[in-house]
Number of protein chains: 2
Amino acid sequence: MTDTAVLAELMTLVAPAKVLTDPASLQAYGTDWTRHYPPAPSAVVLPRTLEQVQAIVRWANRHQVALVPSGGRTGLSGAAVAAHGEVVVAFDLMNQIIGFDAVDRSVVCQPGVITRQLQAFAEENGLYYPVDFASSGSSQVGGNIGTNAGGIKVIRYGMTRNWVAGLKVVTGTGELLELNKGLVKNATGYDLRQLFIGAEGTLGFVVEATLRLERAPRNLTAMVLGTPDFDSIMPVLHAFQGQLDLTAFEFFSDKGLAHILARGDVPAPFETPCPFYALLEFEALNDEVAEQALATFERCVEQGWVLDGVMSQSETQLRNLWKLREYLSETISHFTPYKNDISVTVAKVPAFLREIDAVVSQHYPDFEVVWYGHIGDGNLHLNILKPAHLDKAAFFARCATVNQWVFEIVERYQGSISAEHGVGMIKRDYLHYSRSPAEIACMKAIKAVFDPNGILNPGKIFAPDHQ
Amino acid sequence: MTDTAVLAELMTLVAPAKVLTDPASLQAYGTDWTRHYPPAPSAVVLPRTLEQVQAIVRWANRHQVALVPSGGRTGLSGAAVAAHGEVVVAFDLMNQIIGFDAVDRSVVCQPGVITRQLQAFAEENGLYYPVDFASSGSSQVGGNIGTNAGGIKVIRYGMTRNWVAGLKVVTGTGELLELNKGLVKNATGYDLRQLFIGAEGTLGFVVEATLRLERAPRNLTAMVLGTPDFDSIMPVLHAFQGQLDLTAFEFFSDKGLAHILARGDVPAPFETPCPFYALLEFEALNDEVAEQALATFERCVEQGWVLDGVMSQSETQLRNLWKLREYLSETISHFTPYKNDISVTVAKVPAFLREIDAVVSQHYPDFEVVWYGHIGDGNLHLNILKPAHLDKAAFFARCATVNQWVFEIVERYQGSISAEHGVGMIKRDYLHYSRSPAEIACMKAIKAVFDPNGILNPGKIFAPDHQ
């Protein structure tokens, strides 16, 4: 733990009230959505300016204090957890949108801007921030960048990376780097900006971001289609992708749907029970597009790939269809799910899912497995629900065994052990399933370039060398 | 120069005939389109496999031989020039498309695949590779990645970076890194792939790339609009961007048009003489879109932003309108142009161009200045043509003075001194106008991570430490 004299010095760097050490704050700011690690920070500091962030990092270097960046704390891999006496740097007070340019369609955000706040700002200006996901009501821009957040519109709009036009970061030495300055084109050496996106705060803290906005989508229309088996989902994706510019292509299993319907507040899409469901979305720019979608649907039915389906005819129906998919994560959270967030290239998805499903159901027939995910991107969320009779520790221990088998399959398929949730602490010991020893060595060397004293979020992505 | 015994060892690594030392080959492979530096390589080696590339790099490490990667040699900054006795590694024999997946819409290319070959392959498969530029008939995929090539469709499709789903690179130690493996989503630590894109072969040589393809555009339609002044171009861009998904928004000046018309093989777009012209393109997916375009055109005329215009009604007309812009670079190349490739954020373009134009025309009233570029991306090509009476050396010396003033303005506008042409040797001494000393120090440290012995393309982007 950081000692009192050192913390007293920290208080001189920001308004003293902005250093918190009360147990409730330490508890709240020390954790994320994983809840695997008991939070144990020494203190929480809330800077208001990028100069204060620099001062904090320099202070941390002087006293060898580890810093953990903290945004909306909606992470699912423990990247924002302070479990070892670190000082949490929370960006809640740096939460302003400080610039907007209609011609460039760009917006300058402080790191604590909440995703939904940014989306609303874009909408007020007739534009659109297209990165969207279940936790957008509390996740912050800095955290989105740190994890390269993906979500439900990646098939059309890409990850957060695509929308970052400029970054100001404070590195591990307290140096401020202004990267790319909002330019579309800039071929002046290595694009360092890209390194900080998805680096989980281990190379630098994002203190300002210039994000690009897009024109608002027009007349978004969703279809939910029921398929007779998992394998039929892929030709359905292929058929629609050949005809329409999809803005989303998601899937979920009947078990997932059952949990949603059990809530009682979301209507069933249609009567026919199906083992799997695809949710797709597109802009129905005119009648022709909607007709094309219906014709493609009919062709899929003729081919036997689709058993039943529905297309939204109103904004309300659109929202209701989306609830079938978007409420899943929160709905099953009450069953203490063990979550895996894995990906392979889209073409490999059917064989991959079949292998994993076989392993899990063979060894754990008593576990309920709920599949869903962003199948248009090859990203599957495998959720194993805790049986009521098992206690949490025993359940997680058994899941850890499954984990290894799952990751061995991921490795064989050249996939990713973490498609969009990051590595943090939870996936760190499994990193080698997706990255080679040579790559991991390069990453550590790059870490040493930007953070020579190992001040920034140590122990995340890889174990610290001296642990 | 590399000595004979060392070269003899190199010959054992590849078929001996694949090491060239004849003067014609040294001349041809030692240079790019810049022609500023007399080529002086020791030898040219043409590997056939990635294992041979690894062997060559290890050989270079053993003997401290500098290597210069060579693709289509269409670069405009001297990044592929071997002027100091280096060995050129040319990828001409690694020119196969070795994989294709229709579901993933991805294609696996060796680095020597020519851009047009890739575009044609995509087309044969009903798809589209959207990175396109004047030199696509000879530029190679490896070089495109090394410079993060942009071109004429960036406003819709982005730079080469957006299309690279996976990379195999050989680093400066001969290590093979397989980066991202074609995945859409992969949040497992630093995205090292991004570092190699735009690194001009200074961190590693690309030996294989998985590129994403897009659905083919439908019924592409172009408009050429004449404006009364430069400032009117921006509201025209804004008006069209609010209505249509543009696939291109280019501009050129009357002086550029005059050079094109003087060729005699390209028809004038319309009679009205205008000081500036915008060329925009969109998919006319249906009549409604075309009507919207015409209505926007009329609104621009009413506002006084546009004096005259034309919209393509056929594939032939589309091609002819594009020639007005695409033939520019080659057409003015006969006047020994001094080229600058600069960018700022789009909103700053008018003020920025005005300042630069003022400086150039004030100090060099005898120079003909031809402006054109990708204005939808904030990317301006400033071409100063050599007056017939000046010799080349005197002309370039005077341009170097202009250069500094131009770059001081670029710096003041937080722009890029090289929007899409890279740094190479030509821009290397000006890098500090766009990147801070701290950034440059980080870049050098990263170079040391991947290429500790300084084997790969030394002296490009920044001067070697021991020169």
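Fair warning: this is a prediction, and the values are worked out from it, not measured in the lab.

1. Brief notes about the UniProt feature "domain: FAD-binding PCMH-type" (unreviewed entry) in chain A
Then, number 1: Per the UniProt record, "domain: FAD-binding PCMH-type" (unreviewed entry) is annotated on residues 37–216 of chain A.
Then, number 2: Strand forms 25% of residues 37–216 of chain A and helix 22%; the C-alpha atoms that close the span are 40 Å apart.

2. Thoughts on helix H15 (residues 437–450) of chain B
Then, number 1: The terminal C-alpha atoms of H15 of chain B lie 20 Å apart, and with 14 residues this matches the ideal 20 Å at 1.5 Å per residue to within 8%.
Then, number 2: Turning to H15 of chain B, its buried residues number three or more, namely Ala438, Glu439, Ile440, Cys442, Met443, Ile446, Lys447 and Phe450 of chain B.
Then, number 3: Looking at the buried side of H15 of chain B, the elements it contacts are strand S9 (176–179), helix H7 (192–196) and helix H15 (437–450) of chain A together with strand S8 (164–171), strand S9 (176–179) and helix H7 (192–196) of chain B.

3. Here we look at the sheet that holds strand S17 (residues 368–374) of chain A
All names here are of chain A.
Then, number 1: Taken in spatial order, the 7 strands make up an open sheet running S15-S12-S14-S13-S17-S18-S16, and their pairing is antiparallel. This sheet does not close on itself; its edge strands, each paired only once, are strand S15 (308–311) and strand S16 (338–343). When the angles between neighbouring strand axes are averaged without regard to direction, this sheet yields 15 degrees.
Then, number 2: Contacts from helix H10 (residues 287–302) reach strand S12 (220–227), strand S14 (276–283) and S15 within the one sheet, and its direction differs from that of S15 by about 170 degrees.

4. A short note on the interface of chain B and chain A
Then, number 1: Listed as interface residues are 75 residues of chain B and, on the opposing side, 75 residues of chain A.
Then, number 2: Note on chain B versus chain A: buried area summed over both sides is about 6,200 Å², and carbon and sulfur give 57% of it.
Then, number 3: If you sort the residues of chain B by the area they bury against chain A, Lys185, Thr188 and Tyr190 of chain B come out on top, with a joint share of 16%.
Then, number 4: In this structure, Lys185 of chain B and Glu420 of chain A form a salt bridge, with 3.0 Å as the shortest nitrogen-oxygen distance.
Then, number 5: Those elements that place two or more of their residues in the side of chain B that touches chain A are S9, H7, helix H8 (233–243) and H15 of chain B.
Then, number 6: Residues that form the side of chain B that touches chain A fall into these classes: 31 nonpolar, 25 polar and 19 charged.

5. Observations concerning the sheet that holds strand S2 (residues 43–45) of chain A
All names here are of chain A.
Then, number 1: What the 4 strands build is an open sheet, ordered S1-S2-S4-S3; its pairing is mixed. Each of the sheet's edge strands pairs with one partner strand only, and the pair in question is strand S1 (19–20) and strand S3 (67–70).
Then, number 2: Pairing analysis gives 3 bridges linking S2 to strand S4 (residues 87–90), with the strands arranged parallel. Paired with Val45 across the strands is Val89, a residue of S4.
Then, number 3: Here helix H3 (residues 50–63) sits on the sheet in contact with S2, S3 and S4, set at roughly 155 degrees to S3.

6. Some details on the packing of helix H13 (residues 349–363) of chain A against helix H14 (residues 392–412) of chain A
All names here are of chain A.
Then, number 1: Orientation of H13 relative to H14, taken along the N-to-C sense of each, is 155 degrees, at an axis distance of 10 Å. As summarised for this structure, H13 and H14 are arranged roughly antiparallel, according to the angle between their axes. Relative to H14, H13 is oriented so that their crossing is right-handed. Listed contacts from H14 to Phe352, Glu355, Ile356, Val359, Val360 and His363 of H13 are Arg398, Val402, Trp405, Val406, Ile409, Val410 and Arg412.

7. With respect to the environment of Glu298 of chain A
Residue and element names in this part refer to chain A.
Then, number 1: With respect to the secondary-structure elements, Glu298 resides in helix H10.
Then, number 2: Looking at Glu298, the relative accessible area reads 48%, which means it is partly exposed.
Then, number 3: Considering only alpha carbons, one finds Glu298 and Thr160, 138 residues apart in sequence, at a separation of 35 Å.

8. Section: the pattern of salt bridges
Then, number 1: Counted by the stated rule, this structure contains 42 salt bridges over all chains.
Then, number 2: Residue Lys153 of chain A pairs with Glu281 of chain A through a salt bridge whose shortest N-O separation is 3.0 Å. Highlighted residues: Lys153 of chain A in the loop between helix H5 (141–147) and helix H6 (154–157) and Glu281 of chain A in strand S14, separated in sequence by 128 residues.
Then, number 3: Under the relative-accessibility criterion, Lys153 of chain A is labelled buried at 6%.
Then, number 4: Looking at Glu281 of chain A, the relative accessible area reads 1%, which means it is buried.
Then, number 5: Each of Arg156, Arg215 and Glu283 of chain A together with Asp245 of chain B takes part in a single network of salt bridges with overlapping partners.

9. Remarks on the packing of helix H1 (residues 4–13) of chain A against H3 of chain A
Residues and elements named next belong to chain A.
Then, number 1: The contact between H1 and H3 brings their axes to 10 Å, and the two run at 160 degrees. Taken together, the axes of H1 and H3 lie roughly antiparallel to each other. As for how H1 packs across H3, the hand of that crossing is right-handed. Judged by residue contacts, Val6, Leu7, Glu9, Leu10 and Leu13 of H1 engage Gln52, Ala55, Ile56, Trp59, Arg62 and His63 from H3.
Then, number 2: Counted by class, the contact of H1 with H3 contains 7 nonpolar, 2 polar and 2 charged residues.

10. As for the relation of the copies chain B and chain A
Then, number 1: Structural alignment of chain B on chain A gives an RMSD of 0.0 Å, achieved by rotating through 180 degrees and translating 0.0 Å along the axis. Look at the turn and shift together and you get a two-fold axis relating the two.
Then, number 2: A symmetric contact is evident, with 100% of the interface residues of chain B recurring at the interface of chain A.

About the criteria used
- Residues numbered from 1 in each chain as written.
- Chains lettered and ligands numbered in written order.
- Predicted model: local features only at pLDDT ≥ 70, side-chain atom pairs only at ≥ 80, totals over all residues.
- Heavy atoms only, no water.
- UniProt positions renumbered as here; feature names shortened; annotations may be inferred.
- Helix = DSSP H or I, 4+ residues; strand = E, 2+ residues; numbered from the N terminus.
- Expected span 1.5 Å × (residues − 1).
- Buried < 20%, exposed > 50% of the residue type's maximum accessible area, 1.4 Å probe, protein only.
- Contact = heavy atoms within 4.5 Å.
- Pairing = 2+ DSSP bridges.
- Axes fitted to C-alpha atoms, helices over the stretch in contact; angles between N-to-C directions.
- Buried area = accessible area lost by both parts, 1.4 Å probe.
- Salt bridge = Lys/Arg side-chain N within 4 Å of Asp/Glu carboxyl O.
- Nonpolar A, V, L, I, M, F, W, Y, C, P; charged D, E, K, R; others polar.
- Parallel < 35°, antiparallel > 145°, perpendicular 65-115°, else oblique.
- Left-handed = near helix turned anticlockwise from the far one by under 90°.
- Least-squares fit on C-alpha atoms with pLDDT ≥ 70 in both.

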